[in-house]
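For reference, the chains in residue letters:
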Amino acid sequence: MLLRHTPTEIRDRKALTINPAKTCQPIGAMYAALGIHGCIPHSHGSQGCCAYHRSTLTRHYKEPIIAGTSSFTEGSSVFGGQANLLQAINNLFSIYDPKVIAVHTTCLSETIGDDIVQITQKARDDGKVPDGKYVIHANTPSYVGSHVTGYAGMVKAMVKYFAQPAEVKTDSINVICGWVEPSDMREVKRLLSLMGIDAILFPDTSGVLDAPQTGTYSYYPKGGVRVEELMKIGGARKTLALGGYATETAARELDGIAKVPFEIHDLPIGLSATDRFVSTLARVSGKEVPVEIEDERGRLVDMITDMQQYFHRKRVALWGDPDQLVPLTEFLLDLDMQPVYLVTGTPGKFFEKRIWELAGDLVPGLRVKAGAQADMFLLHQWIKNESVDLLIGNTYGKYIARDEDIPLVRAGFPILDRVGHGYFATLGYTGAMRLAERILNALLDRKDRDAPEESFELVM
Ligand code: SF4
C-alpha cells in the first residue's frame, strides 16, 4: 500500500504536481541527439542534472549513455558557464572525437541566462571546433514543458543547423520521427523499404540504443542519421512528421528554411493509425502497397477477430506522451475497449481535443487532462472513484497497479523495470500485434488468477 494516502476526494489544484506524468526536458534533448551518428550530447548545467538524465536513459534502454556536462560549480552558477562550456567543447573534441556536440541547457543555465548561441560562436571563432565538426544546441529549461518538448527542441536544432535550401527537389521524402523506441524507428524504416521509398528518417536511434553486443565498446555505434543526410533534407519533396508534439516545430523550421511542404500524422501505433500511415506513403510516393504489408495487416485483423471477446468493453487507464496516447487510444477503441482515463504531463490543448474527438461519444465517463496537474496522483484518484480493468503506461504506474490490484501493461517512457521495449516494435501492424498480445495476455493472466476452480479453463 505504497500510495495509501491518496484520497478519493478530488480537489482542484493550481500550483502543485504530485508524481508527474512526464520527465524533464533535457532527457528528451539527449535522446534525440543520440539519434545522430557520431553525436555526443552535452548538458550545460550541473553534474547532478546530467547524471539524472543519463541514468534515466540508461535504465530505460539498458545501454551506456554517453554525455558531457559543463559541471557547474558555485562560481559558474553565479557568473555564468561560458568558461565551462568552452573548455568542455575543447575537451570533448580532443578526447572523444565526436562528429557533433549537441548542447542542451538545464534549469540552472537557463535561469542564469547563458547565451548558448554566443558561447558556441565564440568556440568556433577561437578555433575550438575542428573543420567538419559541429556544435548544435537546444534550449531546454525544465520548469516548462516535458521530455517531449526537449526532444522536439533538439530535432528542430538538427534542421536549423544542418538543413540547406535546394533549388531542385529529389524524389526523397523526409520522415521526422517522434519519440519512439529504436525498434520502432527500425520498423518505420522497414516499412519505407518495403514500399520502395527513398527516405531520410531522423532522428534515428536504431543501431545506437539497441546496438548489438560485439565484445568491443564504441562511443559511436554504427546507427543514427548521418550529418551528410541531414544536409540533404532541404532537397526532399515532402516531409512526414510523425507525432506532432515532438516533430511539428522541426517540420515548420524545414519548410521555412528550404520550402519542403510537410504533413503531420499520428505515430503509426495500432490498426487505424498504421492504415493512415501506409496510405499516406502510397499517396506521397505513388507506389503500390506491397503484399507483405497487406498480409501483416491481415494477420493483425485476424488476431483481433479471434480474441475480440476478451477485449470487449474493458476499461483502461493510460498515461504517458500525447503523441503515443492518441493513436493508442484509437487502437483500444478498434479493439472494442474503453480507454476511460488519460493523463499526460506534456502541456498542450491539442491532446485533450483529439481524445475527445476519438472517444467522447464512445466512452461513458471519459476523463482527459494534460499539463502540470495531469499527474499520477489525479489518475489514481479517478481510479479510486471508479476502477478500471487495465493500466497502460510507464513504470511509474506500478505503484497504482499494486495498490489497486490492477494488471499493468508497460508502454511509453520510462520503463525502468522490464526489458524488451527497445528491441520489439509497437509501431506498424506487427507492432500492433505485439501490443494486442501483451494486452490480451495481461487480461487472460488476471482471468486465470481470479477464476474459481469450476471455471478455470485450459483453453481460452
Ligand atoms: S528539472 Fe531542471 S534541475 Fe531538475 S534535473 Fe531536470 S534540468 Fe536539472
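Before any of the text, the structure's been laid out above.
What this report covers is the structure whose coordinates are included nearby. Computed from a predicted structure; not experimentally measured. (Residues numbered from 1 in each chain as written. Predicted model: local features only at pLDDT ≥ 70, side-chain atom pairs only at ≥ 80, totals over all residues.)

Overview of the overall build of the protein
Within the protein, the regular secondary structure consists of 17 helices and 13 strands. For 460 residues, the compact-globule formula gives about 23 Å, and the C-alpha radius of gyration of the protein, at 23 Å, lands near that figure. Here the C-alpha coordinates of the protein stretch approximately 80 × 55 × 45 Å along the principal axes. In the protein, which comprises 460 residues, the proportion classed as buried is 49%. Put simply, of all contacts in the protein between residues at least 6 apart along the chain, 73% involve residues at least 24 apart. (Helix = DSSP H or I, 4+ residues; strand = E, 2+ residues; numbered from the N terminus. Rg over C-alpha atoms; globule rule 2.2 N^0.38 Å. Buried ≥ 20, exposed ≤ 12 C-beta atoms within 10 Å, placed from the backbone. Contact = placed C-beta atoms within 7 Å.)

Observations concerning unusual backbone geometry
Between Phe202 and the following residue, Pro203, the backbone shows a cis peptide bond with an omega angle of -15°. Here Pro203 shows up in the loop between strand E6 (199-202) and helix H9 (227-230). In this structure, the amide linkage connecting Phe413 to the following residue, Pro414, adopts the cis form with an omega of -5°. One non-glycine residue with positive phi stands out, namely Ser71, at about 50°. Looking at the element boundaries, Ser71 is found in the loop between strand E2 (68-69) and helix H3 (74-79). The partly exposed category is assigned to Ser71, around which 17 C-beta atoms lie within 10 Å. Here the phi dihedral of Asp97 falls at roughly 50°; this positive angle occurs in a residue that is not glycine. Mapped onto the elements, Asp97 comes out in the loop between helix H4 (82-96) and strand E3 (100-105). Residue Asp97 is classed as partly exposed on the basis of its C-beta count, with 13 C-beta atoms lying within 10 Å.

Considering the packing of helix H1 (residues 25-33) against helix H7 (residues 147-162)
Put simply, H1 and H7 touch, their axes get as near as 6 Å, and they point 40° apart. The orientation of H1 relative to H7 falls into the category oblique. Pair H1 / H7 crosses with right-handed handedness. Note on element contacts: H7 touches H1 through His147, Val148, Thr149, Gly150, Tyr151, Gly153, Met154 and Val155, opposite Gln25, Pro26, Ile27, Gly28, Ala29, Tyr31, Ala32 and Ala33. Class assignment of the residues belonging to the contact of H1 with H7 gives a composition of 10 nonpolar, 6 polar and no charged. (Axes fitted to C-alpha atoms, helices over the stretch in contact; angles between N-to-C directions. Parallel < 35°, antiparallel > 145°, perpendicular 65-115°, else oblique. Left-handed = near helix turned anticlockwise from the far one by under 90°. Nonpolar A, V, L, I, M, F, W, Y, C, P; charged D, E, K, R; others polar.)

Remarks on the site of the ligand
The immediate surroundings of the ligand are formed by Cys24, Pro26, Cys49, Tyr52, Thr106, Cys107 and Ser142. When grouped by side-chain class, the residues that make up the shell around the ligand number 5 nonpolar, 2 polar and no charged. (Near = placed C-beta within 6 Å.)

Observations concerning the sheet that holds strand E1 (residues 39-44)
The strand order E2-E1-E3-E4 describes an open sheet built from 4 strands, whose pairing is parallel. Unpaired on one side and paired on the other, E2 and strand E4 (134-138) mark the two borders of the sheet. In this sheet, E3 lies alongside E1 in parallel orientation, the contact comprising 6 bridges. Bridge pairing links His42 to Val103 in E3. Across the sheet, H4 is in contact with E1, E2, E3 and E4; its angle to E1 comes to roughly 160°. (Pairing = 2+ DSSP bridges.)

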